[in-house]
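# Fold and geometry: a report
Each chain, written out:
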Amino acid sequence: QVQLVESGGGSVQPGGSLRLSCAASSGSSFSTFAMGWYRQAPGKQRELVAGISSGGTTNYAGSVKGRFTISRDNAKNTAYLQMNSLKPEDTAVYFCNAHIFPLNYWGQGTQVTVSS
């Protein structure tokens, strides 16, 4: 069992930045997991924001490409999402995900609110 704990959410004005962290309790196996950040806005489906493979390959949703950066520190069992140039439409609950077939784990989520 892997526990994921997100932190770093909050309220920020448009154009601001936040850095989300996802700490995993997976021990030495963390490096084998692909990690992802998803978000869910009120009334909308959960969507993939960014992903990073065990080998470090990244992918992004078109709406955040160039503004968000996903990274991982395997020594700290932690994944990050650096969010710059935030927009009101980025407002959502952000969830961390760790997966390696057939295992799939989710964090509890952290709220990000972008508003003036």
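Here we summarise the structure given alongside this text. (Residues numbered from 1 in each chain as written. Predicted model: local features only at pLDDT ≥ 70, side-chain atom pairs only at ≥ 80, totals over all residues. Heavy atoms only, no water.)

The next thing to look at is the state of the cysteines. Under the criterion given, the structure shown has one disulfide. The disulfide that involves cysteine 22 links it to cysteine 96, with 2.0 Å between the sulfurs. Handedness of the cysteine 22-cysteine 96 disulfide follows from its S-S torsion of about -80 degrees: it is left-handed. With cysteine 22 in strand E3 (residues 18-24) and cysteine 96 in strand E9 (residues 92-100), this pair connects stretches of sequence that are 74 residues apart. The exposure classification of cysteine 22 matches that of cysteine 96, with both residues buried. (Disulfide = S-S within 2.5 Å. Helix = DSSP H or I, 4+ residues; strand = E, 2+ residues; numbered from the N terminus. Buried < 20%, exposed > 50% of the residue type's maximum accessible area, 1.4 Å probe, protein only.)

With burial as the criterion, only one face of strand E7 (residues 68-73) is covered, namely that bearing Phe68, Ile70 and Arg72; the residues Thr69, Ser71 and Asp73 on the opposite face remain uncovered. Of the pairings in the sheet, the one linking E7 to strand E8 (residues 78-83) comprises six bridges and is antiparallel in character. Within E8, the position partnered with phenylalanine 68 by the bridge is methionine 83. If you look at the hairpin formed by E7 and E8, you'll find four residues sitting between the two strands, and asparagine 77 has a positive phi there, around 55 degrees. (Pairing = 2+ DSSP bridges.)

Applying the stated criterion to the full structure yields three salt bridges. Between glutamate 47 and arginine 39 there is a salt bridge, and its shortest N-O distance comes to 2.7 Å. Notably, a salt bridge pairs arginine 39 with aspartate 90, separated by 2.9 Å at the nearest N-O pair. Of this pair, arginine 39 sits in strand E4 (residues 34-40) while aspartate 90 sits in the loop between E8 and E9, and the two are 51 residues apart along the sequence. For the pair arginine 39 and aspartate 90, a shared accessibility class is recorded, and that class is buried. Among the ionic contacts, a cluster of salt bridges with common partners joins Arg39, Glu47, Arg67 and Asp90. (Salt bridge = Lys/Arg side-chain N within 4 Å of Asp/Glu carboxyl O.)

We now examine the packing of aromatic side chains. Each aromatic ring pair is characterised by the separation of its centres together with the angle its planes make. By the definition in use, this model includes two aromatic pairs. With a centroid separation of 4.9 Å and an interplanar angle of 65 degrees, the aromatic rings of tyrosine 38 and tryptophan 106 are classed as edge-to-face. Here tryptophan 106 lies in strand E10 (residues 103-106) and tyrosine 38 lies in strand E4, a separation of 68 residues in the sequence. Accessibility expressed as a relative area gives 33% for tryptophan 106, which makes it partly exposed. Geometry around phenylalanine 95 places arginine 46 over its ring, the cationic atom sitting 3.7 Å from the centre. The cationic tip of arginine 46 hangs over the ring face of tryptophan 106; the distance from NZ or CZ to the ring centre is 4.6 Å. (Phe/Tyr/Trp six-rings, centres within 6.5 Å; stacked < 30°, edge-to-face > 60°. Lys NZ or Arg CZ within 6 Å of the ring centre and 35° of its normal.)

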